[in-house]
Amino acid sequence: MTTISLDSAAPNTLDVDAIVIGVAPADSGVTPAAGAEGLDQALDGRLAAALKSLGATGKAGEVTKLPTLGAVPAPVVVAVGLGEDVDAEALRRAAGAGLRALAGSARVAVALPAASVAEAEAVALGALLGNYAFTAYRTDDRPDPVGEIILTGVRTADGAVAAARAETVAQAVALVRDLVNTPPSDLSPEDFADTAARVAADTGLDVEILDEKALVEGGYGGIVGVGQGSANPPRLVRLAYTHPEATRTLALVGKGITFDSGGLSLKPADAMDWMKSDMGGAGAVLGAMSAIAKLGPKVNVVGYLALAENMPSGTAQRPSDVIRIYGGRTVEVLNTDAEGRLVMADALVRSGEDAPDVLVDVATLTGAQLVALGTRTAGVMANDDALRERVVAAADEAGEPSWGMPLPAELRKGLDSSVADIANISGDRWGGMLTAGVFLQEFVPDGVRWAHLDIAGPSFNKGEPYGYTPKGGTGAATRTLVRLAEELAAGNL
Ligand code: BES
Ligand code: MN
Ligand code: ZN
């Protein structure tokens, strides 16, 4: 467990294993950023020249290590490039890159520039997120994350608030990353629901869990149909945060496929090996609910986790089966690999019973999202243009890239079924992310403003770590959802 604390002393006086500073490009080469003044003095004003001689340019993501050779107690300085315009995300990424470069150290001082509470929070959050590691299954001697992070150069009153908020959010994101990274053999729908119950107990959320029997009795045909091919039965979890003075309600719905084999419409091997991440949407909803409970915004928030394992077996649903979604509408399942929209349909309809003012769903829904927007940018669709723009803006402020996408009405026709109300895949080949959104839209309760985030790419990093983002589970959308709850509380949605 990492701790984060504040110290008003200059970092060059602290007994730490390393000091993280910022470095920006300059005409003369590079300039150390605010926060590094004391260190520069202790090095006789030679910090910029030393960094330049080591090849530092100050560009974002660059990490330069500099030995201090006894000039200050800390043996090493890690100078992280800030790039040209230093916004909150640049600070988060720099702090994250600095901490990643220091795995194995016990105590690290972070002396990045932070002129406001928001910037202090960005530095703290980036450091904590970059310091994440999934160690539960390691037995080798890879270095552990940093144990103690000390923020310097931040005014104390502001800094304490910033550090506490950052810690709450970082814990939520780490929970999501852990859930995504956990092998699916150890995270069945039941295990996920148990974790949700534990989080609820720890944070004071109300929790209701529907097991496979309750799901059949309640008529949740989407979740039951997807889950019936697995030895691990499905669950629907409802979490609720209530504020006594709230006037608005936000509903969140997350796709929680603990493993997506594709079912009988089986995926090829190279598309299947990362499908433990197909519960990233439900993870984000659980993580966000835990942070919201701790932050206490003046709004009510309900969160639904639609949990099932999509497996092929003698009891699995078949392509051409017809299922009945909660509320009674029928779906012809022409492809069992388009399972996310089936479990989501049940939960979207059910969320109408909470009479939400705003409904936001998050799902690793389509490979087409990756084709359209790549691995890092989420697609945002909505039945309300203003809401879509607010969600994209909130995601941007949270440091989670996203892009608004349309829901073209003509795509509905491709989902026509000759035997049921709707089919789960389209005869049209193009625009698969949008088609999935159009399918979900059918199940949005009447009159409810709704936004849909497709995070198929952003939820899981198959590439190398960057900034504060590790390999594997990223916790994508968690911070956006927390921000949306705060925005609705402030009357900004
Ligand atoms: N879980 C997948 C989508 C996905 C793909 C998530 C890659 C993350 C990375 C989803 O259940 C799926 O299989 N979608 C199909 C839908 C198709 C059958 C209409 C897809 O995108 O291929
Ligand atoms: Mn699938
Ligand atoms: Zn899936």
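All residue numbers here refer to positions counted from 1 along the written sequence of the relevant chain. Working convention: letters from A go to chains and numbers from 1 go to ligands, in the order in which they are written. Whole-chain, interface and lining totals are the exception, using all residues; otherwise, since this is a predicted model, local features are given only for residues with pLDDT of at least 70 and side-chain atom pairs are given and counted only at 80 or more. Derived side-chain values reflect all non-hydrogen atoms in the structure, with water molecules and hydrogen atoms excluded from consideration.

By the naming in an unreviewed UniProt entry, the protein chain is Probable cytosol aminopeptidase, taken from Actinomadura namibiensis. UniProt positions are given in the numbering used here, feature names are shortened, and annotations may be inferred rather than shown by experiment. Annotation of the protein chain in UniProt includes, under Subcellular location (unreviewed entry), the sentence "Cytoplasm".

Right, let's talk about the packing of helix α3 (residues 88–100) against helix α4 (residues 117–130) for a bit. Between α3 and α4, the least distance of the axes is 7 Å, while the angle of their chain directions is 35°. Every pair of crossing elements has a handedness; the one defined by α3 and α4 is right-handed. Contacts from Ala 88, Leu 91, Arg 92, Ala 95, Gly 96, Leu 99 and Arg 100 of α3 reach α4 at Glu 119, Ala 122, Val 123, Leu 125, Gly 126, Ala 127 and Gly 130. Here the nonpolar group is Ala, Val, Leu, Ile, Met, Phe, Trp, Tyr, Cys and Pro; Asp, Glu, Lys and Arg are the charged ones; every other residue, Gly included, is treated as polar. Of the residues in the contact of α3 with α4, the class split is 8 nonpolar, 3 polar and 3 charged. Note on geometry: axes are lines fitted to C-alpha atoms, helical ones only across the stretch in contact, with angles between N-to-C directions running from 0 to 180 degrees. We count a stretch as a helix when DSSP gives it H or I for four or more residues in a row; a strand needs E for two or more, and each element gets its number in order from the N terminus. By definition, any crossing whose near helix is turned counterclockwise from its far helix by less than a right angle is left-handed, and any crossing with a clockwise turn is right-handed. Any two residues whose heavy atoms approach within 4.5 Å are treated as being in contact.

So, on to the packing of aromatic side chains. What counts as a ring pair is set by centres within 6.5 Å for rings of Phe, Tyr and Trp (its six-membered ring), and what kind of pair is set by the plane angle: stacked under 30 degrees, edge-to-face over 60, tilted for all other angles. Tallied over the full model, the rule gives 4 aromatic pairs. Considering the side-chain rings of Phe 134 and Tyr 137, the 5.7 Å spacing of their centres and the 35° angle between planes classify their relative orientation as tilted. Taking the relative accessible area as the measure of exposure, Phe 134 reaches 21% and is therefore partly exposed. Here Arg 177 stacks its cationic end above the ring of Tyr 132, 5.2 Å away from the centre of that ring. Only protein chains enter the calculation, and the probe is 1.4 Å; a residue is then buried if its accessible area is under 20% of its type maximum, exposed if over 50%, and partly exposed in between. Ring-over charges, as used throughout, are those where CZ of Arg or NZ of Lys falls within 6 Å of the ring centre and within 35 degrees of the ring normal.

Those places that UniProt annotates as "active site" (unreviewed entry) correspond, in this numbering, to Lys 267 and Arg 341. Take Lys 267: it is sitting in the loop between β10 (249–260) and α9 (269–272). Its relative accessible area of 15% is what places Lys 267 among the buried residues. Filtering out sequence-adjacent residues up to four positions away, Lys 267 remains in contact with Asp 260, Ser 261, Gly 262, Met 272, Met 275 and Asp 337. Along the chain, Arg 341 turns up in helix α11 (residues 340–351).

Protein coordination at the zinc ion (ligand 3): the donors are Lys 255 (NZ), Asp 260 (OD), Asp 278 (OD) and Glu 339 (OE), at 2.0 to 2.4 Å from the metal. A 2.8 Å cut-off from the metal defines N, O and S donors, relaxed to 3.2 Å for Na, K and Ca; water is not in the atom list, so some sites may appear incomplete. Geometry assignment treats four donors as tetrahedral when all angles are between 85 and 135 degrees, treats four as square planar and six as octahedral when opposite donors are over 155 degrees apart and all others between 65 and 115, and treats everything else as irregular. If you look at the zinc ion (ligand 3), its 6 donor atoms make angles of 78 to 173° with each other, and the shape they trace is octahedral. Mapping the donors of the zinc ion (ligand 3) onto the primary sequence gives the spacing K-x4-D-x17-D-x60-E. Between the zinc ion (ligand 3) and the manganese ion (ligand 2), both coordinated by Asp 260, there is a metal-metal distance of 3.2 Å.

Glancing now at the site of ligand 1. We call a residue near a given molecule or strand whenever any one of its heavy atoms falls within 4 Å of it. Neighbouring residues of ligand 1: 17 residues in total, closest Lys 267, Asp 278, Asp 337, Glu 339 and Gly 367. At 3.4 Å, a backbone N or O of Thr 364 approaches a nitrogen atom of ligand 1. For the area figures, the Shrake-Rupley method with a 1.4 Å probe applies, and any residue is considered shielded solely by the protein chains shown. With the chains in place, 80% of the 520 Å² that ligand 1 exposes on its own is no longer accessible. Every element with two or more residues in the shell around ligand 1 is listed here: β10 and α12 (367–373). In the shell around ligand 1, the residues fall into 6 nonpolar, 4 polar and 7 charged. Whenever a nitrogen or oxygen atom comes within 3.5 Å of another N or O atom, the pair is scored as a polar contact, on the condition that within protein one atom can donate a hydrogen and the other can accept it, and that pairs from neighbouring residues in sequence are kept only if both atoms are in side chains.

Attention shifts here to the coordination of the manganese ion (ligand 2). At 2.1 to 2.2 Å from the manganese ion (ligand 2) lie its protein donor atoms, namely Asp 260 (OD), Asp 337 (O), Asp 337 (OD) and Glu 339 (OE). Metal-centred angles of 71 to 168° between the 6 donor atoms at the manganese ion (ligand 2) mark the site as irregular. All donors of the manganese ion (ligand 2) belong to a single chain; written as a sequence motif, their spacing is D-x76-D-x1-E. Note on Asp 337: relative accessible area 23%, which makes it partly exposed. Given a relative accessible area of 0%, Glu 339 falls into the buried group.

Those domain boundaries reflect an automatic or database domain assignment. We note that the domain assignment places domain 1 (3–172) and domain 2 (187–489) within the protein chain. On a C-alpha basis, the centroid separation for the pair domain 1 and domain 2 is 36 Å. Residue-level contacts link 16 residues of domain 1 with 16 residues of domain 2. In this description, buried area is defined as the sum, over both parts, of the accessible area (probe of 1.4 Å) that is lost when the two are combined. Around 1,400 Å² of area is buried between domain 1 and domain 2 when both sides are counted, 61% of it from carbon and sulfur atoms. Sorting the residues of domain 1 by area buried against domain 2 places Arg 93, Arg 100 and Ala 172 first, and these three jointly supply 34% of that buried surface. One side-chain nitrogen of Lys or Arg within 4 Å of one carboxyl oxygen of Asp or Glu is enough to make a salt bridge. At the boundary of domain 1 and domain 2, one finds 1 salt bridge. For Glu 486, the salt bridge goes to Arg 165, with nearest N and O atoms at 3.0 Å. Of all the secondary structure elements, the ones that give two or more residues to the side of domain 1 that touches domain 2 are α3, α4 and α5 (156–181).

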